[in-house]
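Chain residues, written in single-letter form:
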Amino acid sequence: MSQLFQLIAQTAAGGRRARLVLPHQNVETPVFMPVGTQGTVKAVPQDALETFGAEIILGNTYHLYLRPGHEAIRRMGGLHRFMSWPRALLTDSGGFQVYSLSQLRKVTDDGVQFRSHLDGSSHFFSPEHSIDVQIALGADIAMAFDECTEYPATRTRAEESLRLTMTWAARSLAHFRAHSHEVPWFDPRVCCMQCFGIVQGGMCRDLRRQCAERLVEMDFDGYAIGGLSVGEPRELTMEMIAEVLPLLPRDKPRYVMGVGYPDEIEQYARMGVDMMDCVLPTRAARHALLFTSEGRVNIKNRQYAEDQNPPDPACDCPVCRRYSRAYLRHLVQAGEPLAATLNSIHNLAFYLGIMQRVRQSLAEV
Ligand SMILES: [Zn+2]
């Protein structure tokens, strides 16, 4: 068993309770990772993240590369020090944002030429460059540069996209292995930065299998399943995850990118997914939508105007311990920025609470 991923218990259904050993933090899995797009989990200060137990968060390579720039962050000691986040960080490859945000993309085997969504300036990302940027940012986990196949896609398109992803995965890993010691915090006494490969293949089961097998041969530190939750029905998401999981090594972490709703993340964790991330809890919070043990609560609704109950009576997060539904509704109605902060803290604490309960139940098997 790999020392960097310690399996503690496993159920017949495949659910795993484990510990992921990273340079800045040991992460208890299954884990939900809050998304910190631009070096901040939107509206939530770092000390609040620590209070409700976030052990790992995401940073977005594309955004940080454009602003303030990865070289500036490297000069300031890396992303951990720049944003004052002492725990674990994972950076994505930038690929997904290049496809979803930038303009005038030109994709060749070499990489992607694109224009910044901020000022229209021209940039080029190759697998090597994406890894260089991620090393400069100095996360605990870097992701291979991939192409996220859109949905729906024809089989020909999914095949072509997959060919690119597999070639880019090999180049990403080779470059990572040659340069990972260049992280700003490098210390030969602590464990190294890790690199995860990303399984693509659209909604074709055989392409997913082919990609997983090829990436496993390359021997990444962990494996992500990407290109899901892109508009397909949930049964299809489940089917793709169920197809890929058994092909991945038991002693390495498995990460499903960009999911999901509270019941989804619990379901996937029980199937054997170790890591997940999604902007949903924070984005919904900024739109006054709370996830609670009683279902979804649109806190803007008039019915909460004088409701003295906590947002979620079953939640013991700092927001539910202190504030009422009536107060949260008032903040939203008044357009106060504190609304986004309090709603986001509750939603994230709720998501992390789900994972904590899943971990407990998996450990008791
Ligand atoms: Zn709460």
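Student: Would you explain the packing of helix α10 (residues 262-271) against helix α14 (residues 337-363) in this entry?
Tutor: Geometrically, a packed helix pair is captured by the angle between its two axes and the distance between the axes. Where α10 meets α14, the axes come as close as 10 Å, and the angle between the chain directions of the two elements is 25°. Considering their axes alone, α10 and α14 lie roughly parallel with respect to each other. The way α10 lies across α14 gives a crossing that is right-handed. Every residue of α14 that contacts α10 at P262, I265, E266, A269 and R270 is listed here: F350, Y351, I354, M355, V358, S361 and L362. In terms of residue class, the contact of α10 with α14 is built from 9 nonpolar, 1 polar and 2 charged.

Student: I keep staring at the sheet that holds strand β9 (residues 112-115) and nothing clicks. Help me out?
Tutor: By definition, the strands of a sheet pair up through backbone hydrogen bonds, in either a parallel or an antiparallel sense. Sheet architecture is open: 3 strands sit in the order β8-β9-β10, paired in antiparallel fashion. Looking at strand neighbours, the two that pair on one side only are β8 (103-107) and β10 (122-125), the edges of this open sheet. Adjacent strand axes in the sheet meet at a mean angle of 20°, parallel and antiparallel pairs treated alike. Bridging between β9 and β10 involves 4 bridges; their strand directions are antiparallel.

Student: Sorry, what's going on with the packing of aromatic side chains here?
Tutor: The way to describe two aromatic rings as a pair is by their centre distance and the angle between their planes. All told, the structure shown has 10 aromatic pairs when counted by the stated rule. Pairing F114 with F125 gives two aromatic rings, centres 5.5 Å apart and planes at 85°, and the pair type is edge-to-face. Residue F114 is located in strand β9, and its partner F125 is located in strand β10; the two are separated by 11 residues in the primary sequence. Take F114 and F125: they sit in the same class, and that class is buried. One aromatic cluster is present, formed by Y62, Y65, F114, F125, F145 and W168 through successive ring pairs.

Student: I tried to follow the pairing of strand β16 (residues 289-292) on my own but got confused; where do I start?
Tutor: The side chains of a regular strand alternate between the sheet's two faces. In terms of strand pairing, β16 meets strand β17 (residues 295-298) through 4 bridges, oriented antiparallel. Counted as the bridge partner of L289 is N298 from β17.

Student: Whenever I open this one, the environment of F291 confuses me. Can you help?
Tutor: Relative to the assigned elements, F291 resides in strand β16. Sequence separation between F291 and P311 is 20 residues; the distance between their C-alpha atoms is 9.2 Å.

Student: Hey, could you run me through the coordination of the zinc ion in this one?
Tutor: For a metal with four tetrahedral donors the ideal donor-metal-donor angle is 109.5 degrees, while six octahedral donors give ideal angles of 90 or 180 degrees. Protein ligation of the zinc ion involves C315 (SG), C317 (SG), C320 (SG) and H346 (ND1), the donor distances falling in the range 2.1 to 2.3 Å. Given 4 donor atoms and angles of 99 to 120° at the metal, the environment of the zinc ion is assigned as tetrahedral. Read N to C, the donor residues that coordinate the zinc ion are spaced as C-x1-C-x2-C-x25-H. Residue C315 is classed as buried on the basis of its relative accessible area, which comes to 16%.

Student: Would you mind going over the pairing of strand β6 (residues 56-59) with me for this structure?
Tutor: Alternating residues of β6 divide into I56 and L58 and I57 and G59, and every residue in both groups is buried. With helix α1 (residues 46-51) bridging strand β5 (residues 35-36) and its parallel neighbour β6, the resulting β-α-β unit is right-handed. In this sheet, strand β7 (residues 88-91) lies alongside β6 in parallel orientation, the contact comprising 4 bridges. Each residue of the ladder has a partner; that of I56, found in β7, is A88.

Student: Help me understand the side chain of D307 in this model?
Tutor: Take D307: it is sitting in the loop between β17 and α12 (318-322). Overall, the relative accessible area of 14% leaves D307 in the buried class. There is a polar contact of 2.9 Å between the side chain of D307 and the side chain of N309. Sequence-distant contacts of D307, defined by excluding residues within four places in its chain, comprise S324, R325 and A326.

What counts as what
- Residues numbered from 1 in each chain as written.
- Predicted model: local features only at pLDDT ≥ 70, side-chain atom pairs only at ≥ 80, totals over all residues.
- Heavy atoms only, no water.
- Axes fitted to C-alpha atoms, helices over the stretch in contact; angles between N-to-C directions.
- Helix = DSSP H or I, 4+ residues; strand = E, 2+ residues; numbered from the N terminus.
- Parallel < 35°, antiparallel > 145°, perpendicular 65-115°, else oblique.
- Left-handed = near helix turned anticlockwise from the far one by under 90°.
- Contact = heavy atoms within 4.5 Å.
- Nonpolar A, V, L, I, M, F, W, Y, C, P; charged D, E, K, R; others polar.
- Pairing = 2+ DSSP bridges.
- Phe/Tyr/Trp six-rings, centres within 6.5 Å; stacked < 30°, edge-to-face > 60°.
- Buried < 20%, exposed > 50% of the residue type's maximum accessible area, 1.4 Å probe, protein only.
- Donors = N, O, S within 2.8 Å, 3.2 Å for Na, K, Ca; no water.
- Tetrahedral: all angles 85-135°; square planar, octahedral: opposite > 155°, others 65-115°.
- Right-handed = clockwise from strand over helix to strand, strands pointing away.
- Polar contact = N/O pair within 3.5 Å; in protein donor to acceptor, adjacent residues only side chain to side chain.

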